[in-house]
Amino acid sequence: MALETRKIGRSGVEVTAWGMGCAPLGGVGDRITNDSSDAILNAAWDCGIRYFDTAPLYGHGLSEKRVGRILSTKPRNEFVLSTKIGRLLVPEKEGERHEGMRDSEGLAIRYDYSSDAVIKSIESSLKRLNLDRIDILLCHDIDSWTHGDEQPGIYEAAANGALPAMHRMREEGLVRAIGLGVNESAVCVRVMQEFEPDCFLLAGRFTLLEQEPLDRMLPMCLDRNISIIVGGPYNSGLLANAERHRATYDYKPVPDELWDKAQQIRRVCDSHGVDMRAAALQYVLRHDAIASVIPGMWALDEVSQNEALLNVEIPPSLWTDLASEGLARSW
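Residues numbered from 1 in each chain as written. Predicted model: local features only at pLDDT ≥ 70, side-chain atom pairs only at ≥ 80, totals over all residues. Heavy atoms only, no water.

All chains considered together, the criterion is met by 7 aromatic pairs. Ring centres of Y283 and W331 lie 5.1 Å apart, and the angle between their planes is 70°; this geometry places the pair in the edge-to-face category. Remark: W331 occurs in the segment after helix 13 (316–324) and Y283 occurs in helix 11 (residues 276–285); sequence separation between them is 48 residues. On the basis of relative accessibility, which here comes to 43%, the residue W331 falls in the partly exposed class. Through successive ring pairs, a cluster of aromatic residues spans F206, Y283, W319 and W331. The positively charged end of R50 is found above the aromatic ring belonging to W45, 3.6 Å away from the centroid. The ring of W331 is capped by R286, whose NZ or CZ atom sits 5.0 Å from the centre of that ring. (Phe/Tyr/Trp six-rings, centres within 6.5 Å; stacked < 30°, edge-to-face > 60°. Helix = DSSP H or I, 4+ residues; strand = E, 2+ residues; numbered from the N terminus. Buried < 20%, exposed > 50% of the residue type's maximum accessible area, 1.4 Å probe, protein only. Lys NZ or Arg CZ within 6 Å of the ring centre and 35° of its normal.)

Time to look at the side chain of Q282. The topology assignment puts Q282 in helix 11. In this structure the side chain of Q282 is engaged in a polar contact, spanning 2.8 Å, whose partner is the backbone oxygen of V312. When sequence neighbours within four positions are dropped, the list of residues in contact with Q282 reads L309, L310, N311, V312, I314 and W319. (Polar contact = N/O pair within 3.5 Å; in protein donor to acceptor, adjacent residues only side chain to side chain. Contact = heavy atoms within 4.5 Å.)

Once that is clear, we can look at the nonpolar core. Formed by 97 residues in total, the largest nonpolar core has its most connected members in F52 and L208. Looking at which element gives the most residues to this core, the answer is helix 11, with 8 residues. Non-local contacts of F52, meaning those with residues more than four positions away in its chain, are made with M20, C22, L41, A44, W45, L71, F79, V80, L81 and S82. Counting 13 residues, the second-largest nonpolar core is a separate cluster that includes Y51, I136, L138 and C199. (Core = buried A, V, L, I, M, F, W, Y, C linked by side-chain atoms within 4.5 Å.)

This part is about the pattern of salt bridges. In this structure the tally under the stated criterion is 20 salt bridges. Among the salt bridges present, the one from R6 reaches E4, with a minimum N-O distance of 2.8 Å. Judged by its relative accessible area of 46%, E4 is partly exposed. Between D135 and R133 there is a salt bridge whose closest N-O contact spans 3.8 Å. The class of R133 is partly exposed, set by a relative accessible area of 26%. Ionic contacts of the salt-bridge type, sharing partners, join the residues R76, D132, R133, D135 and R176 into one network. (Salt bridge = Lys/Arg side-chain N within 4 Å of Asp/Glu carboxyl O.)

The buried count for strand 9 (residues 177–182) comes to 6 of 6 residues, which makes it a mostly enclosed element. For strand 8 (residues 136–140) and strand 9, the ladder comprises 5 bridges, and the chain directions are parallel. Following the sheet pairing, L137 is matched in strand 9 by I178. Direction of pairing for strand 9 relative to strand 10 (residues 199–203): parallel, over a ladder of 4 bridges. Note on strand 10: the bridge partner recorded for L180 is F200. The handedness of the strand 9 to strand 10 crossover, carried by helix 8 (residues 186–194), is right-handed. (Pairing = 2+ DSSP bridges. Right-handed = clockwise from strand over helix to strand, strands pointing away.)

Another point: unusual backbone geometry. Residue H60 is not a glycine yet carries a positive backbone phi of 50°. Within the secondary structure, H60 sits in the loop between strand 4 (51–53) and helix 3 (62–71). Overall, H60 belongs to the buried group, its relative accessible area being 1%. At N225, a residue that is not glycine, the phi angle is positive and equals roughly 55°. Along the chain, N225 falls in the loop between helix 9 (217–224) and strand 11 (227–231). N225 sits in the partly exposed class, given a relative accessible area of 37%.

Another point: helix 8. Counting along an α-helix, one turn takes 3.6 residues, and residues three or four places apart therefore face a common direction. All of the buried residues along helix 8 are V187, C188, V189, V191 and M192. Against helix 6 (151–160), helix 7 (162–171), strand 9, strand 10 and helix 9 lie the buried residues of helix 8.

This part takes up the sheet that holds strand 11. Spatial strand order, 3-4-5-8-9-10-11-12: 8 strands in an open sheet with parallel pairing. This sheet does not close on itself; its edge strands, each paired only once, are strand 3 (20–21) and strand 12 (290–294). Summarising the sheet, strand 10 and strand 11 pair through 5 bridges and their orientation is parallel. Of the residues in strand 11, the one forming a bridge with L201 is I229.

Distances and angles like these do not, on their own, reveal function.
Have a look at this one:
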């Protein structure tokens, strides 16, 4: 099945409008087997997905290994792969384990946004992936969402090290496109002012629930021909679960006001006979700056579920009603 493709900025890279976020394949660790991971990736391929995103963080390298085991068997020119730099994998005693990862890889994370670390990280990623190149290279988590009060120093390190190194690699043809993988729009705005990225992978901030990037980031992206890849389109589960005890927001318990807003959105979707998950996936793809939406999938049935949701026919009146009730902005 051939999916719609969209361009990544001026890079010449084209990604499928529906891609696969591969964080769960590492993050859930042994909760899924290697065979199950293989089946999920092959099912995604059979659905037409040709854009896959991963990172060293996800399962402390496990996601990259699982992704590479399948993609290394596919024709290299038929898919696009993104991974990230900024966190080096080191022996456990030399770094810190990420508390959100359930893997048993025996490795830890050390933040390093220097130019030398970019090369080290890519070399290690390519070994885990068993591939010869990375298409889209993203600088991971240089935002306040991740680093809090330490963010200014993190940004300075990346601005003087990793980001210039990534630009050189793009000029030399070692990667085809560069950008950030982050959880907030403000740092993307700053990078657009100081560097020349091709794209941003923005997780959880431009969704059916949240549209703050419409104020500044997305107009700037359109003006500069920079593409957005939407991660976390369900806000880490809030827009996908009708039962509150199963829902999370930014991977934490859902605040009352956001749970209430999600239920108001659900009510409007239900009045149009539309699954809120379908609205969540399709809402972001309506914006011209969006190149791809990449929900994470760690169960085989989620692949077919997302395929069906993306094919739901949504009446324009749904978007109008959501906007008129102040629940989801139009543009």
